[in-house]
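Take a look at the letters that make up each chain.
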Amino acid sequence: MENDKTEFQSEPAPDSSTSGATPETRMLPQLSGIILEELRELTLAELCRACAVRSESIVELVEEGVLAPNGREPHRWRFSGIHMHRATVALRLQRDLGVNLAGAALALQLLDEVEALRARLKVMGGY
C-alpha cells in the first residue's frame, strides 16, 4: 500500500457553546478520505477537482514535465494516484512557498532522487 495516496478533508468540530461541552470533552474534527489505488486512473477534470485547481494549472504541470499522463490530447489524458500526489506537492510549493513552476519541478525531481537513495540505503541495510 506504499503507493496509495490519501486525500483528507476535515469537517468542522461541533460548536461547544450550544452543546454544553467543556473544552476537555469537545470532539476533534472528523476526517474523511479517499484512497486512490495506483491502478485507478483519473481524467483531467477529476484531477482538477481533486486538487481544487483549474485545468490550466494541470496543463502547465504537464508542459513543464512535472506530470506525464497517458494519452496525447488533454481530453484523453489519464492520471494515476502518483500523478495526483505529484500535482498536489507542486501546487503546494507554488501556493504556500511562492516557488515558480520550474522550481517546483526541480524540487520534485530532487525529492524523487532522495526517495531513490533512501530505497538503496534500505536495501543495503543502512536506513
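Residues numbered from 1 in each chain as written. Predicted model: local features only at pLDDT ≥ 70, side-chain atom pairs only at ≥ 80, totals over all residues. Heavy atoms only, no water.

### A word on the packing of helix α2 (residues 44-51) against helix α4 (residues 81-97)
Item 1. Packing of α2 against α4 leaves a shortest axis separation of 10 Å and a crossing angle of 45 degrees. Classified by the interaxial angle, the pair formed by α2 and α4 is oblique. For α2 against α4, the interelement crossing comes out right-handed. The residues of α4 that touch α2, namely those facing Leu47, Ala50 and Cys51, are Met84, Ala87, Thr88 and Leu91.
Item 2. The residue makeup of the contact of α2 with α4, split by class, is six nonpolar, one polar and no charged. (Axes fitted to C-alpha atoms, helices over the stretch in contact; angles between N-to-C directions. Helix = DSSP H or I, 4+ residues; strand = E, 2+ residues; numbered from the N terminus. Parallel < 35°, antiparallel > 145°, perpendicular 65-115°, else oblique. Left-handed = near helix turned anticlockwise from the far one by under 90°. Contact = heavy atoms within 4.5 Å. Nonpolar A, V, L, I, M, F, W, Y, C, P; charged D, E, K, R; others polar.)

### A few points about helix α5 (residues 101-124)
Item 1. The end-to-end C-alpha distance of α5, which contains 24 residues, comes to 35 Å, matching closely the 34 Å that a straight helix rising 1.5 Å per residue would cover.
Item 2. Turning to α5, the residues buried within the fold contact α3 (55-64) and α4.
Item 3. Where α5 ends, the next residue or the one after it, Gly125, has phi of about 85 degrees, a positive value. (Expected span 1.5 Å × (residues − 1).)

### What about the environment of Asn70?
Item 1. Secondary-structure assignment places Asn70 in the loop between α3 and α4.
Item 2. The class for Asn70 is partly exposed, based on a relative accessible area of 45%.
Item 3. Each C-alpha atom, one on Asn70 and one on Glu41, is 9.4 Å from the other, the two residues being 29 residues apart in sequence.
Item 4. There is a polar contact of 3.3 Å between the side chain of Asn70 and the side chain of Glu41. (Buried < 20%, exposed > 50% of the residue type's maximum accessible area, 1.4 Å probe, protein only. Polar contact = N/O pair within 3.5 Å; in protein donor to acceptor, adjacent residues only side chain to side chain.)

### Remarks on unusual backbone geometry
Item 1. Positive phi values are uncommon outside glycine, yet Ala52 reaches one of about 55 degrees.
Item 2. By the secondary structure assignment, Ala52 is in the loop between α2 and α3.
Item 3. What makes Ala52 exposed here is its relative accessible area of 70%.

### A closer look at the packing of aromatic side chains
Item 1. Tallying each qualifying case throughout the model produces one aromatic pair.
Item 2. Ring plane angle 85 degrees and centroid distance 6.0 Å describe the contact between Trp77 and Phe79, whose orientation is recorded as edge-to-face.
Item 3. Here Trp77 falls in the buried class, since its relative accessible area comes to 8%.
Item 4. For Phe79, a relative accessible area of 0% puts it in the buried group. (Phe/Tyr/Trp six-rings, centres within 6.5 Å; stacked < 30°, edge-to-face > 60°.)

### Some remarks on the pattern of salt bridges
Item 1. Following the criterion strictly, the structure yields three salt bridges and no others.
Item 2. Ionic pairing is found between Arg76 and Glu73, a salt bridge with its closest N-O pair at 3.2 Å.
Item 3. The class for Glu73 is partly exposed, based on a relative accessible area of 34%.
Item 4. Residue Asp96 pairs with Arg95 through a salt bridge whose shortest N-O separation is 2.9 Å.
Item 5. The exposure class of Arg95 is exposed, given its relative accessible area of 59%. (Salt bridge = Lys/Arg side-chain N within 4 Å of Asp/Glu carboxyl O.)

### Description of a negative patch on the surface
Item 1. A surface patch of like charges, here negative, comprises Glu56, Glu60, Glu63 and Glu64.
Item 2. Residue position: Glu56 is located in helix α3.
Item 3. Under the relative-accessibility criterion, Glu56 is labelled partly exposed at 47%. (Patch = residues over 30% accessible without salt bridge, like charges linked within 9 Å, V, L, I, M, F, W, Y side chains within 5 Å. Areas by Shrake-Rupley, 256 points an atom, 1.4 Å probe, with all protein chains shown as cover. Lys, Arg positive; Asp, Glu negative; His and termini not counted. Charge placed at Lys NZ, Arg CZ, Asp CG, Glu CD.)

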